[in-house]
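# Fold and geometry: a report
Here is how the chains run, residue by residue.
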Amino acid sequence: MNEVTLAIIKPDAYKNGVSGKIIDRIISEEFIINEMKQIHLSKKMAEGFYEIHRERPFFDELTSFMSSGKSIVLSLERENAVSKWRDVIGATNPAEAVAGTIRGQFGTNTGNNAVHGSDSPENGKLESKYFFS
Ligand code: ADP
Ligand code: MG
């Protein structure tokens, strides 16, 4: 059964000019791009998206970073989309991400880690609705 996951090419990757490389990777990993848009998130929209992390010490840093410049948001579909995309992007901390993963290739540190991926099929749907209602 196909699943949906939400991917975000975060402002660091966008600024570094690697959006095209990341989109190529998405296509070569056989995801269907159901929706895609370029967006400069407001602080409020970033806070809403990361609501689950509101009490974390890095919440302000995270939402300031996510609203610091343009991003590309994509709703992706394929078999096991959520776990497959998490495998392709790698660990949250790029220093711990396996070689060849997107965060391993393009991430700088735990905060500036190039891409987002949903953590469950349920959140894949909810997060896609957040951007593509
Ligand atoms: P993931 O994006 O791998 O699912 P989390 O859901 O735990 O990771 O965190 C969401 C995002 O918050 C991370 O991708 C990262 O950008 C940021 N983040 C997580 N932990 C930290 C931290 N300790 N310091 C700064 N930013 C963090
Ligand atoms: Mg997460």
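The shown structure was predicted, so the numbers you read here are calculated from the model rather than taken from an experiment.

## Quick word on the layout of surface pockets
- Approximately 680 Å³ is the volume found for the largest pocket.
- Surrounding the largest pocket, 26 residues form its lining, Tyr50, Ile52, His53, Leu62 and His116 being those nearest its centre.
- Those elements that place two or more of their residues in the lining of the largest pocket are α3 (43–49), α4 (59–66), β4 (115–117) and α7 (121–131).
- It is α7 that contributes the most residues to the lining of the largest pocket, four residues altogether.
- Of the residues belonging to the lining of the largest pocket, the class tally is eight nonpolar, 10 polar and eight charged.

## Section: the environment of arginine 78
- Here arginine 78 is to be found in strand β3 (residues 70–79).
- For arginine 78, a relative accessible area of 18% puts it in the buried group.
- When the C-alpha atoms of arginine 78 and methionine 1 are compared, they prove to be 8.1 Å apart, with 77 residues separating the residues in sequence.
- Apart from the residues lying within four places of it in its own chain, the contact partners of arginine 78 are Asn2, Glu3, Glu29, Glu30, Phe31 and Lys84.
- A polar side-chain atom of arginine 78 sits 2.9 Å from the main-chain carbonyl oxygen of glutamate 29.

## Points about the packing of aromatic side chains
- Counted according to the given criterion, the structure contains five aromatic pairs.
- On the numbers, 5.7 Å between centres and 85° between planes, the contact of phenylalanine 31 with tryptophan 85 is edge-to-face. Taken together, the positions of phenylalanine 31 in the loop between α2 (19–28) and β2 (32–40) and tryptophan 85 in helix α5 (residues 81–89) put the pair 54 residues apart, joining distant regions of the chain. A single burial state applies to phenylalanine 31 and to tryptophan 85, both of which are buried.
- Ring geometry for phenylalanine 49 and phenylalanine 131: centres 5.4 Å apart, planes at 50°, overall tilted.

Cut-offs and rules
Residues numbered from 1 in each chain as written. Chains lettered and ligands numbered in written order. Predicted model: local features only at pLDDT ≥ 70, side-chain atom pairs only at ≥ 80, totals over all residues. Heavy atoms only, no water. 1 Å grid on protein atoms, 1.4 Å probe; cavity = no way out; pocket = protein on both sides within 12 Å on 5 of 7 lines; lining within 4 Å. Points joined across faces, edges and corners; volume = space filled by probe spheres on them. Helix = DSSP H or I, 4+ residues; strand = E, 2+ residues; numbered from the N terminus. Nonpolar A, V, L, I, M, F, W, Y, C, P; charged D, E, K, R; others polar. Buried < 20%, exposed > 50% of the residue type's maximum accessible area, 1.4 Å probe, protein only. Contact = heavy atoms within 4.5 Å. Polar contact = N/O pair within 3.5 Å; in protein donor to acceptor, adjacent residues only side chain to side chain. Phe/Tyr/Trp six-rings, centres within 6.5 Å; stacked < 30°, edge-to-face > 60°.

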